[in-house]
Amino acid sequence: MSAQKSKSPQSLRLKDGRVIRFPAVMGILNITPDSFSDGGRFLDPDRAVAHALAMEAAGATIIDVGGESTRPGAAMVSAEDELDRVLPVIEELRDRLKVPISIDTRKAVVASAALDEGAAIVNDVSGLTFDRAMASAIAQADAALIVMHMRGLPATMDRLARYTDVVAEVRAFLERQAQVAISAGVDRSSIIVDPGLGFAKNARHNLALMGGLSELCALGYPVLVGASRKRFVRAIAGDGETDSSFGTAAVNALAIAAGASIVRVHEPGPAVAVVKMAVAIAEHVRV
Ligand code: HH2
């Protein structure tokens, strides 16, 4: 798969020399009892490892490991519990996966430990607003960073879904927080931004962000879109497994067509097919 829009970055080089080519599919590994879609399925480390390997075999080129659910209403997890969940799995995966691991956490202590253990990317759903030590922890490890937009905490964020112009406000936040990372020493070319679909956003906001995705891509950072099985997809496409899979596929195709670089999904296999198709069409249109 080659990248689809001339403006979008083509790839991201990690400090160990590995290169993530865009558009890429990120596979979700939730080591949690309570994630909205797959909570409890991968709490057992052996099952988690097997699932990560299966997602790589299905074409995921990043595996996103998380030990804390951030679904609306979710309670906080202590750093100790988060580390107990993710570290043994990262340690096992480090030598068994060819593709890089990202750690989905808002806590600098968890990020640092995961990076020490072999993760290469930090996926901070708070966009560096939760833990003041996060940006320098990432800079120190020379790691890549995903800056996601959200407001408040998972427990309170639904109440904060009020915007005058959601695309402009999310864009301004991502630009500002990327700058915070750069000022702390994170390499500009190691930053990915993400509108945070479903985080302090209702369905209308998510749709507006999808419509305005090219404005986010115009920031010049690779853009990640995470729509997989989310509430707005299930509300619009249907709540059944097939409905939400196809609904997710539709969002992913349109995201790639608008210039997104990464789609974050529970099912990498179908997402790889979607991305290939969307890229082929985008390239044909350019010819
Ligand atoms: N969505 C979720 C978690 N992390 N990270 C990024 N960058 N973008 C997203 O859209 C995103 C994310 C929520 O999905 P999931 O991991 O499936 O659920 P939970 O938070 O309940 O574990």
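Calculation criteria
- Residues numbered from 1 in each chain as written.
- Predicted model: local features only at pLDDT ≥ 70, side-chain atom pairs only at ≥ 80, totals over all residues.
- Heavy atoms only, no water.
- Helix = DSSP H or I, 4+ residues; strand = E, 2+ residues; numbered from the N terminus.
- Rg over C-alpha atoms; globule rule 2.2 N^0.38 Å.
- Buried < 20%, exposed > 50% of the residue type's maximum accessible area, 1.4 Å probe, protein only.
- Contact = heavy atoms within 4.5 Å.
- Areas by Shrake-Rupley, 256 points an atom, 1.4 Å probe, with all protein chains shown as cover.
- Near = heavy atom within 4 Å.
- Polar contact = N/O pair within 3.5 Å; in protein donor to acceptor, adjacent residues only side chain to side chain.
- Pairing = 2+ DSSP bridges.
- Phe/Tyr/Trp six-rings, centres within 6.5 Å; stacked < 30°, edge-to-face > 60°.
- Lys NZ or Arg CZ within 6 Å of the ring centre and 35° of its normal.
- Core = buried A, V, L, I, M, F, W, Y, C linked by side-chain atoms within 4.5 Å.
- Right-handed = clockwise from strand over helix to strand, strands pointing away.
- Axes fitted to C-alpha atoms, helices over the stretch in contact; angles between N-to-C directions.
- Parallel < 35°, antiparallel > 145°, perpendicular 65-115°, else oblique.
- Left-handed = near helix turned anticlockwise from the far one by under 90°.
- Salt bridge = Lys/Arg side-chain N within 4 Å of Asp/Glu carboxyl O.

Check the secondary structure of the chain and you find 10 helices and 10 strands. For the chain, the C-alpha radius of gyration of 17 Å lies close to 19 Å, the compact-globule estimate for 287 residues. Its C-alpha atoms put the chain at 45 × 40 × 40 Å along the principal axes. Looking at the chain residue by residue over its 287 residues, the buried ones come to 55%. Sequence separation of 24 or more characterises 68% of the internal contacts of the chain that already satisfy a separation of 6 or more. Working note: accessible area of the chain is about 12,000 Å², and carbon and sulfur atoms make up 52% of it.

Close to the ligand lie 19 residues, the nearest being Ser 35, Ser 69, Thr 70, Asp 194 and Lys 230. Phe 36 is positioned such that a nitrogen or oxygen atom in its backbone is 3.1 Å from an oxygen atom of the ligand. Between His 266 and the ligand, the recorded distance is 2.9 Å, taken from a side-chain N or O atom to an oxygen atom. For the ligand, whose free accessible area comes to 480 Å², the fraction covered by protein is 99%.

On to the environment of Met 55, then. Turning to its location among the elements, Met 55 is positioned in helix α1 (residues 45-57). Sequence separation between Met 55 and Asp 116 is 61 residues; the distance between their C-alpha atoms is 23 Å.

Moving on: the sheet that holds strand β10 (residues 262-265). Here eight strands make up an open sheet; going across it, the order is β8-β7-β6-β5-β4-β3-β10-β9 and the pairing parallel. Lying at the two open borders of the sheet, with one neighbouring strand each, are β8 (191-194) and β9 (224-225). Summarising the sheet, strand β6 (residues 121-124) and strand β7 (residues 144-148) pair through four bridges and their orientation is parallel. Of the residues in β7, the one forming a bridge with Asp 124 is Val 147.

As a further point, take the packing of aromatic side chains. Inspection of the entire model under this criterion finds zero aromatic pairs. Positioned above the aromatic ring of Phe 130, the side-chain terminus of Arg 106 is 4.5 Å from the ring centre. Its end group placed over the ring of Tyr 221, Arg 188 keeps NZ or CZ at 4.3 Å from the ring centre.

With 72 residues, the main nonpolar core has Leu 29, Ile 63, Leu 213 and Val 225 as its most contacted residues. The element contributing the most residues to this core is helix α5 (residues 166-184), with seven residues. Excluding residues within four positions of it along the chain, Val 225 makes contact with Leu 197, Met 210, Leu 213, Val 251, Ala 255, Ala 260, Ile 262, Val 263 and Arg 264. Counting 14 residues, the second largest nonpolar core, distinct from the first, contains Ile 20, Phe 22, Ala 24 and Ile 121.

Take the pairing of strand β3 (residues 24-30) next. Taken across its seven residues, β3 has seven buried, putting it largely inside the fold. Here β3 shows two buried faces, one formed by Ala 24, Met 26, Ile 28 and Asn 30 and the other by Val 25, Gly 27 and Leu 29. Two elements, β3 and strand β4 (residues 62-66), share five bridges in a ladder whose sense is parallel. Residue pairing in the sheet places Asn 30 in a bridge with Gly 66 of β4. As for the winding sense of the linkage, the β-α-β connection from β3 through α1 to β4 is right-handed.

A separate point is the packing of α1 against helix α2 (residues 79-94). One can describe the packing of α1 onto α2 by two numbers: an axis separation of 10 Å at closest approach and a directional angle of 45°. As the angle between them shows, α1 and α2 are arranged oblique. Considering how the two elements wind past one another, α1 and α2 form a crossing that is right-handed. Taken together, the residues of α2 that come into contact with α1 (itself represented by Pro 45, Ala 48, Val 49, Ala 52 and Leu 53) are Val 89, Glu 92 and Leu 93.

Further remarks concern the environment of Lys 7. Within the element layout of this structure, Lys 7 appears in the segment before β1 (11-13). A relative accessible area of 64% places Lys 7 in the exposed class. In this structure, the C-alpha to C-alpha distance between Lys 7 and Gly 185, residues 178 residues apart in sequence, is 25 Å.

Note on pairing: side chains with opposite charge can pair once their charged atoms come close. Using the criterion set out here, one finds 14 salt bridges in the structure. Here Arg 106 and Glu 68 are joined by a salt bridge, their closest N and O atoms 3.0 Å apart. Here Arg 106 is found in the loop between β5 (101-104) and α3 (108-117), whereas its partner Glu 68 is found in the loop between β4 and α2, with 38 residues between them in sequence. Summarising the burial analysis for this pair, Arg 106 and Glu 68 share the class buried. Its salt-bridge partner being Asp 95, residue Arg 94 comes within 4.0 Å of it at the nearest N-O pair. Among the residues examined, Asp 95 registers a relative accessible area of 62% and is labelled exposed. Among the charged side chains, a salt-bridge network with shared partners connects Glu 68, Glu 82, Arg 106 and Lys 107.

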